[in-house]
Amino acid sequence: MPERFEEKCLGEISPASCCANCNCVADISPSLPFRHTLANRHGDFSDWHRGRSHFALWALGLDTPAVNARMAAAQQLLAPFLLDGYVREPHVTLAVCGFLASQRRHDDDFTATDLDTQLAALRALACAPFRAHIGRRLHSFSSAPWLSVEGADAMLHRLHHALRRPALAAHTPPYVPHLTVGLYNAGWPADTVQTAFDRHGAQVPLEVEVRSLCLLQYAAGEVGGRQVDGNREAIED
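Note that the structure is predicted; figures quoted are calculated from it, not measured.

Draft legend 1. Spatial organisation of the overall build of the protein chain. Each helix and strand in the protein chain was counted, giving five helices and 10 strands. Burial statistics for the protein chain: of 237 residues in total, 49% are counted as buried. If you take every contact in the protein chain between residues at least 6 apart in sequence, the share linking residues at least 24 apart comes to 83%. For the protein chain, the exposed surface amounts to about 11,700 Å²; the carbon and sulfur share of it is 52%.

Draft legend 2. How the structure looks around the side chain of H91. Mapping H91 onto the fold places it in strand β3 (residues 91-100). Overall, the relative accessible area of 10% leaves H91 in the buried class. Discounting residues that sit within four places of it in the chain, H91 has contacts with L57, A59, L60, L62, Y86, H178, L179, T180, L216 and Q227.

Draft legend 3. Quick peek at unusual backbone geometry. The residue F45 is not glycine, and still its phi comes out positive at about 50°. Assignment of secondary structure puts F45 in the loop between β1 (17-18) and α1 (46-49). Using a relative accessible area of 30% as the deciding quantity, one classes F45 as partly exposed. Although it is not a glycine, R50 adopts a positive phi angle of roughly 50°.

Draft legend 4. Main features of the environment of L156. Take L156: it is sitting in helix α4 (residues 153-163). In the structure, L156 is positioned 20 residues away from V176 in sequence and 9.3 Å away in space, judged by C-alpha atoms. Beyond its immediate chain neighbours, meaning those up to four positions away, L156 contacts L60, L94, F130, V149, Y175 and P177.

Draft legend 5. View of the pattern of salt bridges. The full count for this structure, using the stated rule, is nine salt bridges. For D108, the salt bridge is made with R50, and the minimal N-O distance between the two is 3.6 Å. Of the two residues, D108 is situated in the loop between β3 and β4 (109-110) and R50 in the loop between α1 and β2 (54-61); the sequence distance between them amounts to 58 residues. Note on D108: relative accessible area 16%, which makes it buried. Among the salt bridges present, the one from R131 reaches E207, with a minimum N-O distance of 3.1 Å. With R131 in strand β5 (residues 130-140) and E207 in strand β8 (residues 206-210), this pair connects stretches of sequence that are 76 residues apart. According to the relative accessible area criterion, R131 is partly exposed, its value standing at 46%.

Conventions and cut-offs
Residues numbered from 1 in each chain as written. Predicted model: local features only at pLDDT ≥ 70, side-chain atom pairs only at ≥ 80, totals over all residues. Heavy atoms only, no water. Helix = DSSP H or I, 4+ residues; strand = E, 2+ residues; numbered from the N terminus. Buried < 20%, exposed > 50% of the residue type's maximum accessible area, 1.4 Å probe, protein only. Contact = heavy atoms within 4.5 Å. Areas by Shrake-Rupley, 256 points an atom, 1.4 Å probe, with all protein chains shown as cover. Salt bridge = Lys/Arg side-chain N within 4 Å of Asp/Glu carboxyl O.

Purely spatial values, then, with no claim about function.
Below, the structure is given as structure tokens:
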């Protein structure tokens, strides 16, 4: 593993708080854009990781009491639909990096040179601290339900563009900022899941101030396992 991935902290996110200016009401969630969810399962998936131990991604780390509570409430509501063992801390992915490697053998290897390129792009971007609103609504991909991330779309897309790796672009879907709640455990009819989403309705969003980005990594052989915080890159005023 490259030395650059050793844990170090250069910044932080402020605690989440309720958005005082929000006038949300408990309305109906948008219709889900698929007929059935996709069933996830636990497994080693060696054909994907090919013996490489850890996968890395850049994200906003949102492990705060308020965000944790909002995520736990959504997980409780959706518990019948979710795969057990999902223990990842709340985060908003900015860009996937690939498998940690000391040298490149595959397109999806992520080396110290790749990290240097990303850090240079981040510093050239020179973004200032910003605020985002978390968890107003539940939405869903076919594989996973997620909480909304609003109010910072332009900045998040700028960060995604700066950090994304061209070598992975063909295998990466269009970027949608989101906070994953869990993974579906079966092929549930969309209208069944929609009913639970409607019970959630619209919530008062949680406002967070973002002052750092996290390079996270997780064991490639664990589905929904804990992630480890590696580099943090501070966002300066």
